[in-house]
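What follows is the residue order along each chain.
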Amino acid sequence: MWQVYKKELLELVRDRKTLFFMIALPLLIFPVIFAIMGAVVASAAIEEEQKVLRYAIINGEQASRFEESLFYHRDFHKQEMALAHEDDIFAAIRSGQLDLVIKVNARHQDDLSAEQQSQWQLYFNDSSQLNQVKQKVNKVFNQYLQALRQDKFGQLGINKKQFELLMKPVQLKTVDTANERENVGEQIGGLLPYLLIVLCLTGAMYPAIDLGAGEKERGTLETLLLTPISRYALVLGKFFTIMTTGIVTALITVFSLVMWSYLIGELADVDVVARVLASVGITDLLLMLLMLIPVSAIFAAILLSISIYARSFKEAQNYMGPMSMLGFFPVMVAMLPGIKLNWSWSLVPISNVALAIKEILKGTIDHWMLVSILASSTVFALAAIFLCVYIFNKESVLFR
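Parameters and conventions
Residues numbered from 1 in each chain as written. Predicted model: local features only at pLDDT ≥ 70, side-chain atom pairs only at ≥ 80, totals over all residues. Heavy atoms only, no water. Buried < 20%, exposed > 50% of the residue type's maximum accessible area, 1.4 Å probe, protein only. Helix = DSSP H or I, 4+ residues; strand = E, 2+ residues; numbered from the N terminus. Pairing = 2+ DSSP bridges. Right-handed = clockwise from strand over helix to strand, strands pointing away. Salt bridge = Lys/Arg side-chain N within 4 Å of Asp/Glu carboxyl O. Contact = heavy atoms within 4.5 Å. UniProt positions renumbered as here; feature names shortened; annotations may be inferred. Phe/Tyr/Trp six-rings, centres within 6.5 Å; stacked < 30°, edge-to-face > 60°. Axes fitted to C-alpha atoms, helices over the stretch in contact; angles between N-to-C directions. Core = buried A, V, L, I, M, F, W, Y, C linked by side-chain atoms within 4.5 Å. 1 Å grid on protein atoms, 1.4 Å probe; cavity = no way out; pocket = protein on both sides within 12 Å on 5 of 7 lines; lining within 4 Å. Points joined across faces, edges and corners; volume = space filled by probe spheres on them.

K.L.:
Before we go on, may I ask you to explain the pairing of strand β1 (residues 53-58) in this structure?
P.N.:
A regular strand carries its side chains on alternate faces of the sheet. By the criterion of burial, β1 is predominantly enclosed, with five of the six residues buried. Bridge count between β1 and strand β2 (residues 76-78): three bridges; the pairing is parallel. Of the residues in β2, the one forming a bridge with tyrosine 55 is lysine 78. Remark: the β1/helix α3 (residues 64-72)/β2 crossover connection has right-handed handedness. Two elements, β1 and strand β3 (residues 100-103), share four bridges in a ladder whose sense is parallel. Directly across from isoleucine 58, in β3, lies its bridge partner lysine 103.

K.L.:
Looking at this structure, how should I read the pattern of salt bridges?
P.N.:
Opposite charge on two side chains permits pairing when their charged atoms draw close. Within this structure, the stated rule accounts for eight salt bridges. Close ionic contact of glutamate 359 with lysine 362 constitutes a salt bridge, the shortest N to O distance being 4.0 Å. Residue glutamate 359 and its partner lysine 362 are both found in helix α15 (residues 351-362); the two are separated by three residues, about one turn of the helix. An identical accessibility class is assigned to glutamate 359 and lysine 362; each is buried. Several salt bridges share partner residues, and in doing so they unite Lys51, Arg54 and Asp99 into one network.

K.L.:
What exactly am I supposed to notice about the side chain of lysine 238 here?
P.N.:
Counting through the fold element by element, lysine 238 comes out in helix α11 (residues 231-267). Setting aside chain neighbours within four positions, we find lysine 238 in contact with Val4, Glu8, Leu211, Glu215, Leu224 and Leu304.

K.L.:
Explain the pairing of β3 here, please?
P.N.:
The sheet contact formed by β3 and strand β4 (residues 121-124) spans four bridges and is antiparallel. Each bridged residue has a counterpart across the sheet, and for lysine 103 the counterpart in β4 is glutamine 121.

K.L.:
Would you explain the UniProt feature "transmembrane region" (unreviewed entry) in the chain in this entry?
P.N.:
In the numbering adopted here, UniProt assigns the feature "transmembrane region" (unreviewed entry) to residues 20-46, 191-209, 239-265, 285-310, 322-339 and 368-392. Counted over residues 191-209, helix gives 100% and strand 0%. Its end C-alpha atoms are 27 Å apart. Secondary structure content for residues 285-310 is 96% helix and 0% strand, and the end C-alpha separation is 37 Å.

K.L.:
Looking at this structure, I do not really get the packing of aromatic side chains. What am I missing?
P.N.:
To describe a pair of aromatic rings, one takes the distance between the centres and the angle between the planes. In this structure the tally under the stated criterion is eleven aromatic pairs. Seen in terms of ring centroids, phenylalanine 66 and phenylalanine 141 are 6.1 Å apart; in terms of plane orientation they differ by 90°. Their pairing is edge-to-face. In this pair, phenylalanine 66 sits in helix α3 while phenylalanine 141 sits in helix α6 (residues 133-155), placing the two residues 75 residues apart along the sequence. These aromatic residues form a ring-pair network of at least three members: Phe66, Trp120, Phe141 and Tyr144.

K.L.:
Could you clarify how one ought to interpret the sheet that holds β4 in this entry?
P.N.:
The pairing of strands in a sheet happens through backbone hydrogen bonds and is either parallel or antiparallel. Pairing within the open sheet is mixed, and its four strands lie in the order β2-β1-β3-β4. Edge positions in the open sheet fall to β2 and β4, since each of these has one partner strand only. Averaged over all neighbouring strand pairs, the angle between strand axes comes to 30°, with direction disregarded. Across the sheet, α3 lies against β1, β2 and β3, angled at about 165° from β1, the strand it touches most. Relative to the sheet, helix α4 (residues 86-94) contacts β1, β3 and β4, its axis offset from that of β4 by approximately 40°.

K.L.:
Would you take a moment to explain the nonpolar core for this structure?
P.N.:
Note on soluble globular proteins: their nonpolar side chains tend to be buried together. Membership of the largest hydrophobic core comes to 67 residues, with the highest contact counts inside it found for Ile197, Phe239, Met291, Phe299 and Leu303. Where this core is concerned, the elements lending two or more residues are α9 (191-218), α10 (221-225), α11, α13 (282-309), α14 (313-334), α15 and α16 (367-392). With residues near it in sequence (within four places) discarded, methionine 291 still touches Val353, Ala356, Ile357, Ile360, Leu370, Ile373 and Leu374. Leu53, Ile102, Trp120 and Val137 belong to the second largest nonpolar core, which has 17 residues in total.

K.L.:
Honestly, the layout of surface pockets in this entry has me stumped. Any pointers?
P.N.:
Using a probe with the size of a water molecule, rolled over the atoms, empty space left in the structure can be pinpointed. Taken as a whole, the second largest pocket spans an internal volume of roughly 500 Å³. If you trace the second largest pocket, you find 17 residues lining it, with Leu112, Leu145, Leu148, Arg149 and Lys152 closest to the centre. Residue assignment for the lining of the second largest pocket shows that the elements contributing at least two residues are α5 (108-113) and α6. For the lining of the second largest pocket, the element with the highest residue contribution is α6, accounting for eight residues.

K.L.:
So what exactly am I meant to see when it comes to the environment of leucine 355 here?
P.N.:
Looking at the secondary structure, you find leucine 355 in helix α15. Taking relative accessible area as the criterion, leucine 355 reaches 2% and is therefore assigned buried. It is 8.1 Å that separates the C-alpha atoms of leucine 355 and methionine 335, two residues lying 20 residues apart in sequence. Residues in contact with leucine 355, not counting those within four places in the same chain, are Ala334, Ile339, Lys340, Leu341 and Trp345.

See below:
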């Protein structure tokens, strides 16, 4: 078995494609991709923040103080347009002539005099996730509301100090009982398991295809079967090779992301990464690595089974697409709000590991639960390995 393992691992290392996917891609290309994505999102957010909004106001004379504040605000530029009907407002916004329209109630002053609530309307396109129209309007609108309240209270003979007390008679001060590590772990605890587990899957895919369907296509599988090595040893040797590449790819990628994030953080004077690294000890890192072993074993065994079943390299690639859901879906479930690690979730494969890594980062892991996670994951991994051995022993599958 170990001879097969050494032989397959040596051949993979000699393959430039494998080296690219295992080392170059995670070490250099992934960080560059993430950096470009972050820069694009940051640039779009800054552009949206600095954007001057073109607006029109209807019945502005009813709220002259608000209209004046909006006119002199740096985030807004008034456009004079005839907007007689609501269809005209929709058309102006959809065509890009206006970013927003504010329609003041035509009886606004009468409503205030009659001590009735007045209703305004704000028209804008809210389909963009980075849209800040409502936030910018609220900055001016809330100041106008504050001035109206002060006027009303002044008419009742209430001074400024009494007004402030009435507006906020009690101040609720929150005291967070979670320590810094728990807060940081909650924030990044969903992302890190996603990266680790999905990378274990993607890092094992290419070697699995090459060691199964690739051998069939090259015609070297028959030669390998003629060697005085049992089929169990052949399967286990290939299995451990695939599992190793999956874990190594995940670790190299995470190391690369941490390294680049730390360097960028030092240059930008942002110490988030440094604080995270300082809070996570060696024992916690080893526990996370331990969690990856049964997950990688499950992936390696299933991927090798699929690869052996496939007739060719291309057919194996077609099968791997749906297989990716096995890695994505359970991790996505673990990232949902309200999902926490308990004894029931500790028995769900892959999801239990994602939840455990999150708890390890937070420093709130129940170590007895790790035993349940490792036991259940090991059972699933062994079942997947036995399935792989069963497929490998079938002549009808090997020589399809």
